[in-house]
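Residues per chain are reported as follows:
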Amino acid sequence: MTLTVLAIESSCDDTAAAVLRGTGDAARILSSHVWGQADLHDAFGGVVPEIAARAHAERADLCVERALADAGVTLDEIDGLAVTAGPGLIGGVLAGVMCAKGIAVARGLPIVGVNHLAGHALTPRLTGEADFPYLMLLVSGGHCQFLIVEGPDRFRRIGGTIDDAPGEAFDKIARLLGLPQPGGPHVERVAAAGDAGRFALPRPLLDREGCDLSFSGLKTAVLRARDGLVAEKGGLTRQDRADLCASFQQAVVDVLAEKTRRALLDYLTLAPGRPVIAVAGGVAANGAIRARLSLLAEGMGVAFTAPPLSLCTDNAAMIAYAGLLRLERGEADGTGFAARPRWPLDAQAPAMLGAGRKGAKA
Ligand code: KG4
Ligand code: ZN
């Protein structure tokens, strides 16, 4: 049955709304509007939860209006609502949930509360690039985990960060070296002219079995290397900066590649018909990371895919899709469901540590 779903996402620093039409097997994004808040948080060096929550509350309905207008549909044509109900910064999540519940009540429509991570994890189904089960590496400023996606609501987390997310590390390194935020793209650009072998930085957790990752020690090692250079010469040359960026990026690539190799071995024991690894999240935009993971996958006979960047980073189309999968099965949550700061996708996996710059990890 074809459904038209309106969705809202507000779990971090993007207010987003989208309209999706179709079925779980063939859905089309009619509109996807993302209103970022980087300008509001820039001066503070990170997302300020109270500022984010207020902006979401002020903008959610405007985003909805814009998404409906872009899609060329009215609320009369909407069959159901989907909204991110967690995990994330609770004030922001609440703002989106209240807006969506308001529309649902006013229009008498079914509503589902969606796990933000499920939205990311199911995106390769939305783009038609993977069949269940597939392996997903989610790497952004707030997330870092390996998931085996076995079905629309069956996720097995086989590893994740025990402290920072890699995007946080890229952003921190940029700050240490006086580069603009968000730092990832700038670190990558500067690294292109650098010598990745100049600084011997650690490859955290490679000596530990399994697919868990850690990035905070790497950050500290770059800080020490930078301070060493400053103490020695009174400052950094352009080449020093490039070499630090290149050495850091290489360490991240090496760690992600080795942990991904282990995750792939685990995944391949399921003997998937057409094995696929999908990467998503802002860090998946990094050319060096993509190239290395794609090479690794090819060597292991696994297809490598990454959704287009607009669907890799936070958006409401992925929330609409995850919601559509439930709505088309006749499921709905009523209006009593709660907004949740933490909401692990895989309730069986041990809890992750840390609550990074962009909020609680799950
Ligand atoms: O998925 P995203 O837009 O937002 C969330 O974190 O939820 O990811 C943003 C993160 C930032 O930390 C940014 O520095 C990082 O992704 N990023 C990159 C690159 N582009 C964005 N990191 C490394 N290399 C890049 N090219
Ligand atoms: Zn996200």
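Being a predicted model, the structure only gives us computed values, none of them experimental.

S.K.: Quick rundown of the site of ligand 1? Include the residues and the values.
M.R.: In the neighbourhood of ligand 1, 20 residues make up the surrounding shell, with Gly-141, Asp-171, Gly-184, Glu-188 and Gly-282 lying closest. A distance of 2.6 Å separates an oxygen atom of ligand 1 from a polar atom in the side chain of Asp-171. Gly-184 is positioned such that a nitrogen or oxygen atom in its backbone is 2.9 Å from an oxygen atom of ligand 1. Calculation on ligand 1 without its partners gives an accessible area of 550 Å², and the protein chains cover 90% of this total. Elements represented by at least two residues in the shell around ligand 1 include exactly helix H5 (166-176) and helix H6 (184-191). Residues of the shell around ligand 1, tallied by class, amount to 5 nonpolar, 10 polar and 5 charged. Domain assignment of the residues forming the shell around ligand 1 places at least three in each of domain 1 (3-123 + 314-360) and domain 2 (130-306).

S.K.: How would you summarise the sheet that holds strand S1 (residues 3-9) if you had to cite specific residues and measurements?
M.R.: A sheet is described by the order of its strands in space; here 5 strands give the open sequence S3-S2-S1-S4-S5, paired in mixed fashion. The sheet is open, and its two borders are formed by strand S3 (27-36) and strand S5 (111-115), each paired with just one other strand. Neighbour-to-neighbour, the strand axes of this sheet turn through a mean angle of 20°, independent of strand direction. Note: strand S4 (residues 80-86) against S5, 5 bridges, orientation parallel. Note that in S5 the partner of Ala-82 across the bridge is Val-112. Across the sheet, helix H3 (residues 90-107) lies against S1, S4 and S5, angled at about 160° from S4, the strand it touches most. Against the sheet, helix H4 (residues 116-126) touches S1, strand S2 (14-22), S3, S4 and S5, its axis set at about 90° to S5.

Scoring rules and cut-offs
Residues numbered from 1 in each chain as written. Chains lettered and ligands numbered in written order. Predicted model: local features only at pLDDT ≥ 70, side-chain atom pairs only at ≥ 80, totals over all residues. Heavy atoms only, no water. Near = heavy atom within 4 Å. Polar contact = N/O pair within 3.5 Å; in protein donor to acceptor, adjacent residues only side chain to side chain. Areas by Shrake-Rupley, 256 points an atom, 1.4 Å probe, with all protein chains shown as cover. Helix = DSSP H or I, 4+ residues; strand = E, 2+ residues; numbered from the N terminus. Nonpolar A, V, L, I, M, F, W, Y, C, P; charged D, E, K, R; others polar. Domains from an automatic or database assignment. Pairing = 2+ DSSP bridges. Axes fitted to C-alpha atoms, helices over the stretch in contact; angles between N-to-C directions. Contact = heavy atoms within 4.5 Å.

Any functional reading would require information beyond the geometric quantities listed.
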